[in-house]
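Structure assessment
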Amino acid sequence: MAVIELQHVTKKYATLVANKDISITIQPGELVGLIGENGAGKSTLIKQLLGLEHVTSGQINIFDSQLGTPKLRQLVGVMQQTDMVIRNVKVNDILQWAHALYQHPLAVNEVLKITDLAAQKNQYITELSGGQLRRLSFGLAIIGQPQLLLLDEPTVGMDVLNRKRFWDYVRQLQQAGTTIIVTSHYLDEIADTVNRLLILKHGQLTFDGTLIELQQQINKTVIDFESAQQLGTAFNTDQNILNWYQLGNHYKVEVTNSDEWLQTYAEQLPAFTGLQIKATSLTEIMTNMLEEK
């Protein structure tokens, strides 16, 4: 049974179409990245999955249950963009409150360990830093041991070490069978973590697949190296080369076929140092997509 099924989901406001004819099926244990520019419809889609936004047309099924039911709330955890900051409430108190809402929750001390907030458990929420608030929101999202976890811009404000710990634990959850959807503008983190990408543009689903499949669609490889040779004459006439840049002895060459390029310049290769061949990054792909609007 699929965890999530969206069939031709559309959301319209007075003069705005937030989502347009989106159909998606997500299977158990998938770790999915939902990405797109600001206003692309990501947060609207997350709210629809939570039953906080009604669809104008189409249908959403989660665990074959109605949205917003008590049964579904036991199965779904959510970390929203905005942290819940309540005055005069301590970290331990809000975790104890959340613990009481679920049938099979994690122990509060376990959540404090996972989120690295044990030292702050008796602090008021209003005293936490931005990164600590994000980690508390993550703790509240996972305390019920959800089968579906929705993470909306989860690592904003976290330092480098806590980001690493966060993603390590997300991968553990996925390996244990949790289905996870994450939105983020930190595209390097998405590229390193998820198994599947969903790209929204102007409310429409423009891509659904793996990063490798997306890179194959782009059909561009970047080659970096250093050489004292002057290669501009050859590069300017090479139809395999899309663009090339030179700064001193450093060259960056964008090609459609890296194997063909290596064969063409086989004789010069011994004079190239620091040679690196890289597929187009997710950040560069998304930048190009945004520039095309």
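The model shown is predicted, which means the values in this text are computed figures rather than measured ones. (Residues numbered from 1 in each chain as written. Predicted model: local features only at pLDDT ≥ 70, side-chain atom pairs only at ≥ 80, totals over all residues. Heavy atoms only, no water.)

1. Looking at the sheet that holds strand 7 (residues 179-183)
The condition is simple: Here, a strand pair is defined by DSSP locating no fewer than two bridges between the strands. Only DSSP runs of H or I reaching four residues or more are called helices, and only runs of E reaching two or more are called strands; each is numbered from the N terminus. Only the stretch in contact is used when a helix axis is fitted, and all axes are lines through C-alpha atoms; the angle between N-to-C directions ranges over 0 to 180 degrees.
Read across the sheet, 6 strands follow the order 5-6-7-3-8-9 without closing on themselves; strand pairing throughout is mixed. Looking at which strands have only one partner, the edges of the open sheet turn out to be strand 5 (76-79) and strand 9 (204-209). Recorded for the sheet is a direction-independent mean angle of 15 degrees between the axes of neighbouring strands. When strand 3 (residues 31-35) meets strand 7, the two strands line up parallel, connected through 4 bridges. By the bridge assignment for strand 7, Val32 is matched with Ile181.

2. Examining the packing of helix 3 (residues 91-99) against helix 5 (residues 130-142)
To describe two helices that pack against each other, one gives the angle between their axes and the distance between the axes. Counted only if it meets this: In these notes the angle categories are as follows: under 35 degrees is roughly parallel, over 145 is roughly antiparallel, 65 to 115 is roughly perpendicular, and the rest is oblique. Working rule for handedness: look at the near helix, and if it is turned counterclockwise from the far one by less than a right angle, call the crossing left-handed; if clockwise, right-handed. Any pair of residues with heavy atoms lying within 4.5 Å of one another is described as a contacting pair. Ten residues, namely Ala, Val, Leu, Ile, Met, Phe, Trp, Tyr, Cys and Pro, are considered nonpolar, four, namely Asp, Glu, Lys and Arg, are considered charged, and the remaining ones, Gly among them, are considered polar.
Where helix 3 meets helix 5, the axes come as close as 9 Å, and the angle between the chain directions of the two elements is 20 degrees. The angle between helix 3 and helix 5 places the two elements in the roughly parallel class. Relative to helix 5, helix 3 is oriented so that their crossing is right-handed. Side by side, helix 3 and helix 5 meet where Val91, Ile94, Leu95 and Ala98 of the first sit next to Leu136, Gly139 and Leu140 of the second. Across the contact of helix 3 with helix 5, the residue classes tally to 6 nonpolar, 1 polar and no charged.

3. Notes on the sheet that holds strand 2 (residues 17-26)
What the 3 strands build is an open sheet, ordered 2-1-4; its pairing is antiparallel. Because the sheet does not close on itself, it has two edges, and the strands there are strand 2 and strand 4 (57-62). Neighbour-to-neighbour, the strand axes of this sheet turn through a mean angle of 20 degrees, independent of strand direction. The pairing of strand 1 (residues 4-12) with strand 2 spans 6 bridges and is antiparallel. Looking at strand 2, one finds that Lys12 is bridged to Val17. Sheet strands in contact with helix 1 (residues 42-49) are strand 1, strand 2 and strand 4, and its direction is about 120 degrees off that of strand 1.

4. Overview of the pattern of salt bridges
The following threshold applies: Throughout this description, the term salt bridge denotes a Lys or Arg side-chain nitrogen within 4 Å of a carboxyl oxygen of Asp or Glu.
Counted according to the given criterion, the structure contains 12 salt bridges. Residue Asp208 is joined to Arg196 by a salt bridge in which the shortest nitrogen-to-oxygen separation is 2.8 Å. Placement of the pair is Asp208 in strand 9 and Arg196 in strand 8 (residues 196-201), with a sequence separation of 12 residues. One salt-bridge network, held together by shared partners, links Glu30, Arg196 and Asp208.

5. Comments concerning the UniProt feature "domain: ABC transporter" (unreviewed entry) in the protein chain
For clarity, the threshold we go by: UniProt positions are given in the numbering used here, feature names are shortened, and annotations may be inferred rather than shown by experiment.
The feature "domain: ABC transporter" (unreviewed entry), as given by UniProt, occupies residues 4-227 in the numbering adopted here. Annotation note: span residues 4-227, helix share 32%, strand share 28%, distance between end C-alpha atoms 52 Å.

6. Describing the nonpolar core
Test applied: Buried Ala, Val, Leu, Ile, Met, Phe, Trp, Tyr and Cys residues that are joined via side-chain atoms within 4.5 Å together make up what is termed a nonpolar core. Exposure categories follow from relative accessible area, calculated using a 1.4 Å probe and restricted to protein chains: below 20% of the type maximum is buried, above 50% is exposed, and the middle band is partly exposed.
Core analysis: the biggest nonpolar cluster contains 44 residues, and Leu95, Leu136, Phe138 and Leu151 have the highest contact counts within it. Counting residues per element, this core draws most heavily on helix 5, which supplies 6 residues. Not counting residues within four places of it along the chain, the set of residues in contact with Leu136 comprises Val91, Ile94, Leu95, Leu117, Ile125 and Leu128.

7. Comments concerning helix 6 (residues 160-175)
Heads up, the condition is: Given a helix with a known number of residues, its expected span is that number minus one, times 1.5 Å. Think of it as the arc spanned by the lines of direction from the helix axis to the C-beta atoms.
For helix 6, spanning 16 residues, the distance from its first C-alpha to its last is 23 Å, which sits close to the expected 22 Å at 1.5 Å a residue. Along helix 6, the residues that are buried comprise Asn162, Arg163, Phe166, Trp167, Tyr169, Val170, Leu173 and Gln174. Across the axial projection of helix 6, the buried residues extend over an arc of 160 degrees, all falling on one side. For helix 6, the exposed residues lying more than 90 degrees away from the buried face are Val160, Lys164 and Gln175.

8. Remarks on the pairing of strand 1
Two faces belong to every sheet, and in a regular strand the side chains alternate between them. The pairing of strand 1 with strand 4 spans 5 bridges and is classified as antiparallel. Along strand 4, the bridge assignment pairs Ile4 with Ile62. Count of turn residues in the strand 1/strand 2 antiparallel hairpin: 4 residues.

9. Remarks on the packing of aromatic side chains
For clarity, the threshold we go by: Stacked, edge-to-face and tilted are the three classes for Phe, Tyr and Trp ring pairs, Trp counted by its six-membered ring, which pair at centre distances within 6.5 Å; planes under 30 degrees apart are stacked, over 60 edge-to-face, the rest tilted. In our convention, an over-ring charge means Lys NZ or Arg CZ found within 6 Å of a ring centre and within 35 degrees of that ring's normal.
By the definition in use, this model includes 12 aromatic pairs. Arranged with centres 5.7 Å apart and planes meeting at 45 degrees, the rings of Phe225 and Trp261 form a pair that is tilted. Of this pair, Phe225 sits in strand 10 (residues 221-226) while Trp261 is found in helix 10 (residues 258-264), placing the two residues 36 residues apart along the sequence. Exposure class is identical for Phe225 and Trp261. Each is buried. Joined through ring pairs, the aromatic side chains of Phe225, Phe235, Trp244, Tyr251, Trp261, Tyr265 and Phe272 make up one cluster. Over the ring of Tyr124 we find Lys90; its NZ or CZ atom is 5.4 Å from the centre of that ring. Positioned above the aromatic ring of Tyr186 is the side chain of Arg163, whose terminal nitrogen or guanidinium carbon lies 3.9 Å from the ring centre.

10. Some thoughts on the packing of helix 5 against helix 6
For the pair helix 5 and helix 6, the least separation of the axes is 12 Å and the interaxial angle reads 10 degrees. With respect to helix 6, the axis of helix 5 lies roughly parallel. Residue-level inspection shows Arg135, Phe138 and Ile142 of helix 5 in contact with helix 6, the latter providing Asn162, Phe166, Tyr169, Val170 and Leu173.

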